[in-house]
Amino acid sequence: MSSIQVPTMAQMAANGQTPDVLFWVGCAGSFDQRAQKITKAFVKILHHFGISYAVLGGEEMCTGDPARRAGNEMVFQMMAQQNIATLNGYGVKKIVTACPHCFNTLKNEYPDLGGVYEVLHHTQFLQQMIDTGRIQLREGGVFKGKKITFHDPCYLARANGEYQAPRALLERLDAELIEMENSRQRGMCCGAGGAQIFKESEKGDMEVHHKRADEALGTGAHIIAASCPFCTLMITDGIKHREKEAQVKVMDVAELIAQAEDL
Amino acid sequence: MHLVSQLLFALFFSAGVYLFSKRVRAIRRNVLLGKDDGARTDRPMRRFKQMALFALGQKKLFKRPVPALLHLLIYVGFILINIELIEIVADGLLGKHRVLAPLLGPAYAYFIGFFEILALGVILSCVSFLWRRNVVKVNRFHKREMKGWPSLDANLILVIEIALVGSFLLMNAADLQLQSAGKEGYVPTGPFVVSSLVSPLFSGVSDSTLVAIERGLWWFHILGILFFLNYVTYSKHLHIMMAFPNTFYGDLDTAAGKMKNMPEVQAEVALMMDPEGAFSANAAPPPERFGAQDVGDLSWKNILDAYSCTECGRCTAVCPANKTGKLLSPRKIMMDTRDRAEVLGRAHDRHGPGHHDGKHLLGNYISQEELLACTTCNACVEECPVNINPLDIILQMRRHLVMDQAQAPAEWNSMFSNVENNMAPWAFPASDRFAWANNIPTANQNKNA
């Protein structure tokens, strides 16, 4: 069984090559076991369709998003300035990432510090690839007739106005897409953002991610589609809280596509 | 007698307008307690368009059609009925009665009738709103921060509005009775569409009593309007004016997810990371404080936001922290900011600039617990009908809490040191960052076999 060799920017540069796009993996996608599956699924898609890409590998650092949102601008600036030095050193023009938090920071906050790139969320990137005929997905398949509900990640949706790309991808799976009552502009947060995932929540009646998982379960969907590693983690935990993990799966859009393509 | 009432009218009218303009200047001064945030007057056509859509057009309100329609009735009624003020002021100053009636001829009754229909709409909407607040008890009107004055304020506004347009209708009804009785000074105008239905209430009442009722209501109506004009400036109802500048000066084209950069920290870190620069003597002095501790550390736009808030609570109703029972309420952030700006403004008036009461927005008004509960999801920002941004204030105060007061929760401090040392928020060794790429199998081998 052969394995995919994930190219790094360092290797490419050593060979005098430049990839079309840098895949920014992010900390969750690099270290968290659940989120690593999303990273691998996306890499399989890139590999399968012969897209020219590379990752920073060990040279990538946290974008600084959780530190900045927790109020620690010093740590944010330390990360951001080092990342920008790395990215600019390689002459990176285009970045794709499966993490909406990295996406938002790279796209909206790095330009102020001299890091100006075209930044796409992986759902936007895949949608572009499909629209330009660069990749073609199979018709129908394993998800035909399945009920899927999509949870909007705050940092892709409200923060950056992207509601359509993940839905357009899901529609290609031939599944039945059901919207939650709170979706799109009114989609409820999974509870992870603003560095919440790194601390206990404040006193209240219930956990945010439990409430959101309940909303998703309320649709009767078989699959809760996410497009953020943190949302995937939080909602999975909420499903477990209701002991529904056997019946309902939480999956990233990239994982669903990889599965539909039998990758 | 006429002269006395003319003088009285002129006195009340100019006092009302004078006090109002004084309040407007004080509010402007309070807004400018905030820090420079640019003039926000670039691309004026885009700004006027934004104002037209969100303030004039109430675009976001229509996400909830029922309150939006009721709100529209009050709004249209309020603006158009006030055209009638032109005549009232002219009558009051000139000592005339219905000065426009002879000028407009038969059209006059139609104008007044049109205003009366609007007045009926206002009463209908205000009663529905009182019903929603006090009988249906819509959840967002009964959160913790609405106890006491905010709820009383909301009810008072509705009652005053009913009284103001109600007095207009009753005044006209009494007038119609006096007209049909041929009382001197009451020029025949033809019936007005709504008050002619009410006017039989006054049949059999003596002319002198009717005159007293009509004059009493006339004075009640105009003095009420002058009172309300001033009341509004102390009330959450100020949004009827502030919605316009607030949407005009609002952000254009900025992604909601973008946090404002801190150039002073950027420069410090750049210097720190430059091996030569680190020892340079040219390091800029550190800022007075990081982030926002009090209203004066916020931007003027943040304070303008606070004065534009009408406490509708749409932000709080969608806040994930609030929905799950946490203390944080974006509406309270805005109410506290406005209350604090008012306190600082009054202290400025009494003791001159520079006076400090030893209190701060952070700590005395807004607690650490509230600030820490925010997931920065932008739901509150998205929801606000007049484009208020509570998140911006929350994040500036978190910056103060964490950088200036070193009050981050222990878990956040661990996260910070992980990011700094392992380049990730978790305690994984940085050398494992690329370990995920070991052994990713290529497309299903069974399929290819």
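Relevant structure appears above.
Remember, it's a predicted structure, so these values are computed and weren't measured experimentally.

1. Brief notes about the overall build of chain A
When you go through chain A residue by residue, the secondary structure sums to 11 helices and eight strands. The C-alpha radius of gyration computed for chain A amounts to 18 Å, which stays within 12% of the reference 18 Å derived for 263 residues, consistent with globular compactness. Its C-alpha atoms give chain A principal-axis dimensions of about 50 × 45 × 35 Å. Here chain A, with 263 residues, has 67% of them falling under the buried criterion. Working note: accessible area of chain A is about 9500 Å², and carbon and sulfur atoms make up 45% of it. The averaged location of the 31 negative side-chain charges in chain A is 3 Å from the averaged location of its 27 positive side-chain charges.

2. Description of the state of the cysteines
Residues and elements named next belong to chain A. Within the structure shown, the criterion is met by zero disulfides over all chains. Unpaired in this structure, C99 has its nearest cysteine sulfur neighbour in C102, at a distance of 3.7 Å. Relative accessible area serves as the criterion here: at 4%, C99 is assigned to the buried category.

3. Here's the deal with helix α6 (residues 107-136) of chain B
Two residues of an α-helix separated by three or four positions point the same way, owing to the 3.6 residues in each turn. Between the first and last C-alpha of α6 of chain B there are 42 Å, a value that for 30 residues agrees with the 44 Å anticipated at 1.5 Å per step. Immediately downstream of α6 of chain B, the backbone of K137 of chain B shows phi near 55°, a positive value.

4. Topic: the pattern of salt bridges
A complete count under the given rule lists 40 salt bridges over all chains for this structure. The shortest N-O distance in the salt bridge between E73 of chain A and R68 of chain A comes to 2.7 Å. According to the relative accessible area criterion, R68 of chain A is buried, its value standing at 1%. A salt bridge links R399 of chain B to E73 of chain A, with the shortest nitrogen-to-oxygen separation between them at 2.9 Å. Placement of R399 of chain B in helix α19 (residues 390-404) and of E73 of chain A in helix α5 (residues 73-89) is noted, with the two residues assigned to different chains. You can call E73 of chain A buried: its relative accessible area is 0%. Connected through salt bridges with shared partners, the residues D65, R68, R69, E73 and E109 of chain A together with R399 of chain B form a single ionic network.

The rules behind these values
Residues numbered from 1 in each chain as written. Chains lettered and ligands numbered in written order. Predicted model: local features only at pLDDT ≥ 70, side-chain atom pairs only at ≥ 80, totals over all residues. Heavy atoms only, no water. Helix = DSSP H or I, 4+ residues; strand = E, 2+ residues; numbered from the N terminus. Rg over C-alpha atoms; globule rule 2.2 N^0.38 Å. Buried < 20%, exposed > 50% of the residue type's maximum accessible area, 1.4 Å probe, protein only. Areas by Shrake-Rupley, 256 points an atom, 1.4 Å probe, with all protein chains shown as cover. Lys, Arg positive; Asp, Glu negative; His and termini not counted. Charge placed at Lys NZ, Arg CZ, Asp CG, Glu CD. Disulfide = S-S within 2.5 Å. Expected span 1.5 Å × (residues − 1). Salt bridge = Lys/Arg side-chain N within 4 Å of Asp/Glu carboxyl O.

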